[in-house]
Amino acid sequence: MVGYPESLTDPSYRGQILVLTYPLVGNYGVPSHNELDPLLDGLPAYFESSQIHVAALVVGQASAEFSHHLASSSLGDWLKREGIPAIYGVDTRAITKRIREEGVMLGKILFPTSVVGASEYQASTHEDDVIAAALPEYQNVAWVDPNATNLVADVSCKTPTLYSPAPGTELKRPDGRTVRIVAVDIGMKYNQIRCFVKRGVELLVVPWDHDFLAEDMDGLFLSNGPGDPTTITTTIERVKKALALQKFPIFGICLGHQVFALASGAQTEKMKYGNRGQNIPCTDMLTSRCYITSQNHGYAVKAETLPPSVKELFVNANDGSNEGIYHTELPYFSVQFHPESNPGPRDTEVLFDIFIST
């Protein structure tokens, strides 16, 4: 199906209105938040974070009835509990076509004043005046540009947390100590934690502005996350220092990929409408093999700005945009797509094994 419990709790969607083009949504309900992951002590088993991160949800047809052996509530009830506005009965494919033609744009959902009451918001733009004149019976709200704020600071953890593998499954160093990876949380999904812990790795997850260079580690991981990568200069500068140290392997995903590129001296750019979906083909530049990937990003690395020591690893087979890079001499690499994608596809999850093996 569409995997809406995972998508709605993906921190990469922070502040965005999510439009699902799958025709029927909600028919398998929502799992219980009280069922904990056996690998990750204290974290829910079927979600990618502790809360819904989208600003609103738009679907074509919403199912009030649901049926699934894991379901404990409906999608509508879950959205209500978390205070997330949603709308159905919309031609979501028409919205998608408009975004394809015009590019990413700001949007807002208005509700009738008969339902939500009058608005205290005072119109401040020409667009607001047009809306007020055309839809006087609807409550107007302010325009919000999510990229105008530090979204990473909003979604990153506040204190370091250590996740350890189950006894007997640890991956040991020659000195007998469990291999430890430091993960910089710039919007990290829970499944990335699972992908490390189930491979016997001890994972120390730290906040986006944490001085991770002071930590003892066998590798550095840069997570996914929301927004413009150039805004988190603190993280970029620390990754630059990590690259210069040449002490441990580095692996980045999504926003982490862009941070690695910026720290390497490359540039990023905002895409017209980004790449978002669960079936986007990417070509491995070393083997020419094409993989089906899951993606959610509005910014991309400009391949032509890569330094001589960094080469393209993956390229988008649809639009030719960069999907991965690697250092030609050091164990540093990153990908734009999600090899840990939950609910899938997981064709490229082997990248975790490659990183750990280095």
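For the structure, see preceding data.
K.L.:
Even after reading the chapter, I still don't get the overall build of the protein chain, so can you show me in this structure?
P.N.:
If you tally the helices and strands in the protein chain, you get 10 helices and 17 strands. Taken over the C-alpha trace, the protein chain has a radius of gyration of 21 Å; the compact-globule value for 358 residues is 21 Å, and the two agree within 12%. Seen through its C-alpha atoms, the protein chain measures out along the principal axes to roughly 70 × 45 × 40 Å. Here the analysis covers contacts within the protein chain between residues at least 6 apart in sequence; of these, 73% occur between residues at least 24 apart. Placing the 28 positive and 41 negative side-chain charges of the protein chain at their respective mean positions leaves the two points 3 Å apart.

K.L.:
So what exactly am I meant to see when it comes to the pairing of strand β16 (residues 322-327) here?
P.N.:
For a regular strand, side chains alternate in direction, first toward one face of the sheet and then toward the other. Here β16 lies mainly inside the structure; five of its six residues are buried. As paired elements, strand β15 (residues 310-316) and β16 share five bridges and run antiparallel to each other. Counted as the bridge partner of F314 is G324 from β16. Adjacent in sequence and paired antiparallel, β15 and β16 are bridged by five residues, among which G320 carries a positive phi angle near 80°. Where β16 lies against strand β17 (residues 332-335), three bridges are found, and the strand directions are antiparallel.

K.L.:
Explain the environment of Q336 to me, please; I cannot follow it from the model alone.
P.N.:
Counting through the fold element by element, Q336 comes out in the loop between β17 and α10 (350-357). A residue is classified by how much of its surface remains accessible, and Q336, at 0% relative accessible area, is buried. For Q336 and G252, which are 84 residues apart along the polypeptide, the C-alpha to C-alpha distance reads 8.2 Å. Among all residues touching Q336, those that are not within four sequence positions of it are C254, H257, Q258, H297, Y299, A300, N322, E323 and G324. Among the polar contacts made by the side chain of Q336, one reaches the side chain of Q258 at a distance of 3.0 Å.

K.L.:
Any chance you could explain the sheet that holds strand β1 (residues 17-19) here in plain terms?
P.N.:
By way of backbone hydrogen bonds, the strands of a sheet pair with one another, either parallel or antiparallel. Strand order in this open sheet of three strands is β1-β4-β7, and the pairing throughout is parallel. At either margin of the open sheet sits one strand with a lone partner, and together these are β1 and β7 (86-87).

K.L.:
For this particular structure, what's the right way to read the sheet that holds β16?
P.N.:
Taken in spatial order, the 10 strands line up as β8-β10-β9-β11-β12-β17-β16-β15-β13-β14 in an open sheet, and their pairing is mixed. With one partner strand each, in any of the chains shown, β8 (161-163) and β14 (290-302) form the two edges of the open sheet. The mean inter-strand angle of the sheet, taken between neighbouring strand axes irrespective of direction, is 20°. Where strand β11 (residues 219-222) lies against strand β12 (residues 250-253), three bridges are found, and the strand directions are parallel. Each bridged residue has a counterpart across the sheet, and for L220 the counterpart in β12 is I250.

K.L.:
Would you explain the pattern of salt bridges in this entry?
P.N.:
Where charged atoms of side chains with opposite charge meet at close range, the side chains can pair. Tallied over the full model, the rule gives 13 salt bridges. Salt-bridge contacts for E48 lead to R194; the nearest nitrogen and oxygen are separated by 3.4 Å. Of the two residues, E48 sits in the loop between β3 (30-31) and β4 (56-58) while R194 sits in helix α7 (residues 190-197), which places them 146 residues apart along the sequence. Exposure class is identical for E48 and R194. Each is buried. Three or more residues are tied together by salt bridges with common partners; here these are R173, D175, R177, D216 and D218.

K.L.:
Please clarify how the pairing of strand β10 (residues 202-206) should be interpreted in this entry.
P.N.:
Judged by how many residues are buried, β10 sits mostly within the fold: five of five residues are covered. Here β8 pairs with β10 via three bridges, running antiparallel. Considered in β10, the bridge of L162 is made with L204. Here five bridges tie strand β9 (residues 180-184) to β10, and the two strands are oriented parallel to one another. Directly across from I181, in β10, lies its bridge partner L203. In this view, the connection linking β9 to its parallel neighbour β10 by way of α7 has right-handed handedness.

K.L.:
It is not clear to me how the packing of α7 against α10 should be interpreted in this structure. Could you clarify?
P.N.:
Relative orientation and spacing of two packed helices are given, respectively, by the angle between their axes and the distance between those axes. Closest axis-to-axis distance for the α7/α10 pair is 10 Å, and the angle between their directions is 55°. Regarding the angle of α7 to α10, the classification is oblique. For the pair α7 and α10, the sense of crossing is right-handed. Residues Q192, C195 and F196 of α7 form the contact with α10, whose participating residues are F352, F355 and I356. For the contact of α7 with α10, the class distribution of residues is five nonpolar, one polar and no charged.

Calculation criteria
Residues numbered from 1 in each chain as written. Predicted model: local features only at pLDDT ≥ 70, side-chain atom pairs only at ≥ 80, totals over all residues. Heavy atoms only, no water. Helix = DSSP H or I, 4+ residues; strand = E, 2+ residues; numbered from the N terminus. Rg over C-alpha atoms; globule rule 2.2 N^0.38 Å. Contact = heavy atoms within 4.5 Å. Lys, Arg positive; Asp, Glu negative; His and termini not counted. Charge placed at Lys NZ, Arg CZ, Asp CG, Glu CD. Buried < 20%, exposed > 50% of the residue type's maximum accessible area, 1.4 Å probe, protein only. Pairing = 2+ DSSP bridges. Polar contact = N/O pair within 3.5 Å; in protein donor to acceptor, adjacent residues only side chain to side chain. Axes fitted to C-alpha atoms, helices over the stretch in contact; angles between N-to-C directions. Salt bridge = Lys/Arg side-chain N within 4 Å of Asp/Glu carboxyl O. Right-handed = clockwise from strand over helix to strand, strands pointing away. Parallel < 35°, antiparallel > 145°, perpendicular 65-115°, else oblique. Left-handed = near helix turned anticlockwise from the far one by under 90°. Nonpolar A, V, L, I, M, F, W, Y, C, P; charged D, E, K, R; others polar.

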